[in-house]
Amino acid sequence: FSLMPGTYVVSATPADAMMMAGPGAATGAQDDGHGITYYPGTINVDEAQSITVGLAEVANASFALVPQRMTRISGVVRDSAGKPFAATLMLRTQSGGSMSMRPLTMTAADGRFSAANVPPGEHFIEVSPRPPDEESASVPISAGGQDITDLIITTHPGTTISGRVVFDGGAAVGKSVRVNATSPDPGSPGPMRVFDNAQGVVDEKGQFRLRGLYGRAMFNAFPQTPGPGVPPWFVKAVTLNGENITDMPVDVSTLKEDSTLEIVLTD
């Protein structure tokens, strides 16, 4: 209800598929079950039929869930030093322009995990750390109804990048400015996996640092506490080691420790 007039793709997922297994324990068994199904009754998002809804119209989208062979996944999560890693595991599924994320399980004290009822398809296991840990991981898996056992997931702290913000115009550098990294890929997790109050904060010298970066990223700067009205400045250019990357995503895993990011703001 309350949809704006437009064209939509409708999907359904069993409510119990969104439940997370306890530490180290699988829920259910490998058997036929139900994963995500798209209207009018297909597991292939490319075969989904869209539904157009006009102003004050009511549309019908009745369809049956399609039985699918489920997969059980078990393994262990370790940190970059090889020690057991306490973490929450999420299952991310991306198909075409759509993305879904659901809880999968939690690791036990020894880092081991087991989860059942994973629907067929290409997925990612996203490892989110529990404080005070800051390492994480994103691992692709292919589920086809067969057990995936002894999966070893190794987390890492991600990439750290330093840089500075310079102003072209009359604006002044201050702690009210923060640098942010965003993903250019719809549905993908954000590239920053470490969250603290100092992330990307620009100091009195215009310098900043971003920690725990993963995947592809684009960079920008913005006021920490934006006020009403039109912002006083905008991003003019973003350069990495002197190369203009203003509108270009960067694979942060390829960056070296001495890489320098510079963001130019203009009034």
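We now turn to the structure provided with this report. Note that the structure is a prediction, hence the values are computed from the model and not measured.

Thoughts on empty space enclosed by the protein
The tally for this structure, following the rule as stated, stands at one cavity of 30 Å³ or more. One number sums up the size of the largest cavity: a volume of about 40 Å³. Looking at the largest cavity, the residues that line it are Ala-217, Met-218, Phe-219, Val-238, Ile-245, Thr-246, Met-248 and Val-250. Examining the composition of the lining of the largest cavity, we find that three residues originate from one element, strand β17 (residues 216–223), more than from any other.

So, the sheet that holds strand β14 (residues 159–168)
Taken in spatial order, the five strands line up as β16-β14-β21-β18-β19 in an open sheet, and their pairing is mixed. Single-partner strands in this sheet number two, and they are β16 (207–213) and β19 (243–244). Relative to strand β21 (residues 260–266), strand β18 (residues 234–240) is paired through six bridges, and the arrangement is antiparallel. Its bridge partner lying in β21, Val-238 is registered against Ile-263.

Considerations on the packing of aromatic side chains
Applying the stated criterion across every chain, the model contains one aromatic pair. Measuring from ring centre to ring centre gives 5.8 Å for Tyr-39 and Phe-63, while their planes differ by 75°; the resulting arrangement is edge-to-face. A residue pair is termed long-range when its members are at least 10 positions apart, and Tyr-39 in the loop between β4 (37–38) and β5 (51–53) and Phe-63 in the loop between β5 and β6 (67–69) qualify at 24 residues. In this structure Tyr-39 comes out as buried when scored by relative accessible area, which is 18%. The side chain of Arg-193 reaches across the aromatic face of Tyr-214, ending 5.2 Å from its centre.

A word on the sheet that holds β17
Spatially, the three strands line up as an open sheet ordered β15-β17-β20, and their pairing is antiparallel. Both edges of this open sheet fall to β15 (177–182) and β20 (250–251), since each of them pairs with a single strand only. Both β15 and β17 contribute to a ladder of six bridges, which runs antiparallel. Of the residues in β17, the one forming a bridge with Thr-182 is Met-218.

Structural notes on the nonpolar core
Core analysis: the largest hydrophobic core is formed by 24 residues, its most contacted members being Val-165, Val-179, Leu-210, Leu-213, Phe-219, Leu-261 and Ile-263. Elements with a contribution of two residues or more to this core: β14, β15, β16, β17, β18 and β21. Apart from the residues within four sequence positions on either side, Val-179 is in contact with Val-165, Gln-199, Gly-200, Val-202, Phe-208, Leu-210, Asn-220, Ala-221 and Ile-263. Formed by 19 residues, the second largest nonpolar core is a distinct cluster that contains Leu-89, Ile-125, Ala-143 and Ile-153.

Looking at the pairing of β14
Only one face of β14 is covered, namely the one carrying Thr-159, Ile-161, Gly-163, Val-165 and Phe-167; the face carrying Thr-160, Ser-162, Arg-164, Val-166 and Asp-168 has none of its residues buried. Relative to β16, β14 is paired through five bridges, and the arrangement is antiparallel. Bridged to Arg-164 within β16 is Gln-207. As defined by bridge partners, β14 adjoins β21 across seven bridges and the pair is classed as parallel. Each bridged residue has a counterpart across the sheet, and for Val-165 the counterpart in β21 is Ile-263.

Quick word on the side chain of Glu-135
The residue Glu-135 is located in the loop between β11 (121–129) and β12 (137–143) in this model. One buried charged residue, Glu-135, remains without a salt bridge, the closest side chain of opposite sign being Lys-83 at 10 Å. Side-chain polar atoms of Glu-135 contact the side chain of Thr-155, separated by 2.8 Å. The residues contacting Glu-135, other than those within four sequence positions of it, are Asp-79, Ser-80, Phe-85, Pro-129, Thr-155, His-156, Pro-157 and Tyr-214.

Each value, and the rule that gives it
Each chain carries its own residue numbering, running from 1 in the written order of its sequence. Local features are withheld for residues below a pLDDT of 70 in this predicted model, meaning they are given only at 70 or higher, and side-chain atom pairs are given and counted only at 80 or more; totals for whole chains, interfaces and linings count all residues. In computing side-chain values, all of the structure's heavy atoms are included and hydrogens and water are not. Each cavity reported here is a set of points on a 1 Å grid over the protein atoms alone in which a 1.4 Å probe fits but cannot get out, each pocket an open set with protein on both sides within 12 Å along at least five of seven lines, and each lining residue one with an atom within 4 Å of a point. Grid points are joined across faces, edges and corners, and a volume is the space filled by probe spheres set on the points. A run of H or I in DSSP becomes a helix once it reaches four residues, and a run of E becomes a strand once it reaches two; helices and strands are each numbered from the N terminus. Strand pairing requires that DSSP identify at least two bridges connecting the strands. We call Phe, Tyr and Trp rings a pair once their centres come within 6.5 Å, taking the six-membered ring for Trp, and we label the pair stacked below 30 degrees between planes, edge-to-face above 60, and tilted otherwise. With a 1.4 Å probe rolled over the protein chains alone, any residue whose accessible area is under 20% of its type maximum counts as buried; one over 50% counts as exposed, and the rest are partly exposed. Geometrically, a charge over a ring is one whose NZ (Lys) or CZ (Arg) sits within 6 Å of the ring centre while staying within 35 degrees of the ring normal. By nonpolar core we mean a set of buried residues, namely Ala, Val, Leu, Ile, Met, Phe, Trp, Tyr and Cys, connected to one another through side-chain atoms within 4.5 Å. Contacts: residue pairs with any heavy atoms within 4.5 Å of one another. When charges are counted, Lys and Arg are positive and Asp and Glu negative, with His and the chain ends excluded. Note on definitions: salt bridges are taken to be side-chain nitrogens of Lys or Arg within 4 Å of carboxyl oxygens of Asp or Glu. For the purposes of these results, a polar contact is taken to be a pair of N or O atoms within 3.5 Å, where, inside protein, one atom must be able to donate a hydrogen and its partner to accept one; residues adjacent in sequence count only when each atom of the pair is a side-chain atom.

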